[in-house]
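Examination of the molecular architecture
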Amino acid sequence: MGACVAYFERLGDRWFDPTSHTTGAWDPAVQHIGPSFGLLVHEVEGDLRRRRDDPMVISRLTYEILGTVPMDPVAVDVQVVRPGRTIELVEATYGLADRVGVRLRAWLQQPRDTTELEAVGLDLIPGPTDMPQWDPTSVWQGGYLASAEVRRDSVGPGRARYWVRTDVPLVAGESVGGLARSAALFDIANGMAVRAAPEDVQFPNIDLTAHLFREPRGEWVGFDTRVSFGPGGLGLTSSTLHDESGPIGTLAQTLTVRPVTPGR
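Residues numbered from 1 in each chain as written. Predicted model: local features only at pLDDT ≥ 70, side-chain atom pairs only at ≥ 80, totals over all residues. Heavy atoms only, no water.

It is worth spelling out the overall build of the chain at this point. Looking only at helices and strands, one finds 3 helices and 15 strands in the chain. Since a compact globule built from 264 residues should have a radius of gyration of about 18 Å, the 18 Å found for the chain is in line with a globular shape. Principal axes of the C-alpha set define a box for the chain whose edges measure 55 × 45 × 40 Å. The buried share of the chain, reckoned over its 264 residues, is 50%. Here the contacts in the chain between residues at least 6 apart in sequence split such that 67% fall between residues at least 24 apart. Per element, the accessible surface of the chain, about 12,400 Å² overall, is 50% carbon and sulfur. The averaged location of the 34 negative side-chain charges in the chain is 5 Å from the averaged location of its 25 positive side-chain charges. (Helix = DSSP H or I, 4+ residues; strand = E, 2+ residues; numbered from the N terminus. Rg over C-alpha atoms; globule rule 2.2 N^0.38 Å. Buried < 20%, exposed > 50% of the residue type's maximum accessible area, 1.4 Å probe, protein only. Contact = heavy atoms within 4.5 Å. Areas by Shrake-Rupley, 256 points an atom, 1.4 Å probe, with all protein chains shown as cover. Lys, Arg positive; Asp, Glu negative; His and termini not counted. Charge placed at Lys NZ, Arg CZ, Asp CG, Glu CD.)

Next comes the structure, spelled out in structure tokens:
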């Protein structure tokens, strides 16, 4: 993993400066969107603390990737779309002054004690100590992938189980919650179980949705991932999310599948 320089430095209430740890896997001249996913959660949670005295937890995160974001300072804005006493829908945007690069819509719910009902219908995966280390920079470029420590069990093309963590803080000098820290690693899923070599086929995701039934704990995020390509240029990366205590939810990414034309 890289030196402990944060993904972002805060410039003001709304503005953040991305560091070299955010450079992208497809093009290092633009940001990898992954760290922004964590930053948006961090800002949604900060806005929640300022607005309400009662606790709320996030049950769904849906990110729409509206375009590439250059390595320039970015603004984050948060607004409540659907206020409520026990359930809220909150929207957050990330981008430049004149163009939004990522839009998040998050459902928040008031927690209640359902310990006696707790049950999980998702399969476990081996823990991080039971998987070999794997270097993502053997396939991908960019500071974001270089900042991650990965332990992976690859079953074959488009199928892998793996754990990811990083020693890079999300925002310099700020305390960050477990979900924001984990969400900054969610978008790595599309690059850990490649079905085709990136030099032959490009398959960037245009969105990401995570459904959660509890908040992640600890520094490791685990994934059980399957990647599918359809016949008409569409693809899907589907993952079950884990922490070291077990499954915590699911994740899906829509892909645009683009064979690379030789010489271009």
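This part covers the UniProt feature "domain: Acyl-CoA thioesterase-like C-terminal" (unreviewed entry) in the chain. The feature "domain: Acyl-CoA thioesterase-like C-terminal" (unreviewed entry), as given by UniProt, occupies residues 142-257 in the numbering adopted here. The span residues 142-257 is 11% helix and 47% strand, and its two end C-alpha atoms sit 21 Å from each other. (UniProt positions renumbered as here; feature names shortened; annotations may be inferred.)

This part is about the UniProt feature "domain: Acyl-CoA thioesterase-like N-terminal HotDog" (unreviewed entry) in the chain. The sites that carry the UniProt feature "domain: Acyl-CoA thioesterase-like N-terminal HotDog" (unreviewed entry) are, in the present numbering, residues 23-107. For residues 23-107, helix accounts for 21% and strand for 44%, while the C-alpha atoms at its two ends are 29 Å apart.

Bringing helix H3 (residues 178-186) into the picture now. A large share of H3 lies buried, amounting to 7 of its 9 residues. Leu179, Ala180, Ser182, Ala183, Ala184, Leu185 and Phe186 are the residues of H3 that are buried.

Once that is clear, we can look at the packing of aromatic side chains. A full pass over the atoms with the stated rule returns 8 aromatic pairs. Considering the side-chain rings of Phe37 and Tyr63, the 3.8 Å spacing of their centres and the 15 degrees angle between planes classify their relative orientation as stacked. Of this pair, Phe37 sits in helix H1 (residues 34-51) while Tyr63 is found in strand E3 (residues 57-65), placing the two residues 26 residues apart along the sequence. Exposure remark for Phe37: the relative accessible area of 0% places this residue in the buried category. An aromatic cluster is present here, built from Trp26, Trp140, Phe203 and Phe229 joined pairwise through their rings. The positively charged end of Arg152 is found above the aromatic ring belonging to Trp134, 3.8 Å away from the centroid. (Phe/Tyr/Trp six-rings, centres within 6.5 Å; stacked < 30°, edge-to-face > 60°. Lys NZ or Arg CZ within 6 Å of the ring centre and 35° of its normal.)

One can find Glu149 in strand E8 (residues 148-156). Owing to a relative accessible area of 13%, Glu149 belongs among the buried residues under this scheme. Engagement of the side chain of Glu149 in a polar contact is seen with the side chain of Arg165, the distance being 2.8 Å. (Polar contact = N/O pair within 3.5 Å; in protein donor to acceptor, adjacent residues only side chain to side chain.)

Okay, the packing of H1 against H3 next. Angle between the axes and distance between the axes are the two parameters that describe a pair of packed helices. Between H1 and H3, the least distance of the axes is 6 Å, while the angle of their chain directions is 160 degrees. Here H3 runs roughly antiparallel to H1, going by the angle between their axes. Remark: the crossing between H1 and H3 carries right-handed chirality. For the pair formed by H1 and H3, the contact residues are Gly34, Pro35, Phe37, Gly38, Val41, His42 and Glu45 on the first element and Leu179, Ala180, Ala183 and Ala184 on the second. For the contact of H1 with H3, the residue count by class is 7 nonpolar, 3 polar and 1 charged. (Axes fitted to C-alpha atoms, helices over the stretch in contact; angles between N-to-C directions. Parallel < 35°, antiparallel > 145°, perpendicular 65-115°, else oblique. Left-handed = near helix turned anticlockwise from the far one by under 90°. Nonpolar A, V, L, I, M, F, W, Y, C, P; charged D, E, K, R; others polar.)

For H1, spanning 18 residues, the distance from its first C-alpha to its last is 27 Å, which sits close to the expected 26 Å at 1.5 Å a residue. For H1, a buried count of 15 out of 18 residues is recorded, marking the element as mostly surrounded by other parts of the structure. (Expected span 1.5 Å × (residues − 1).)

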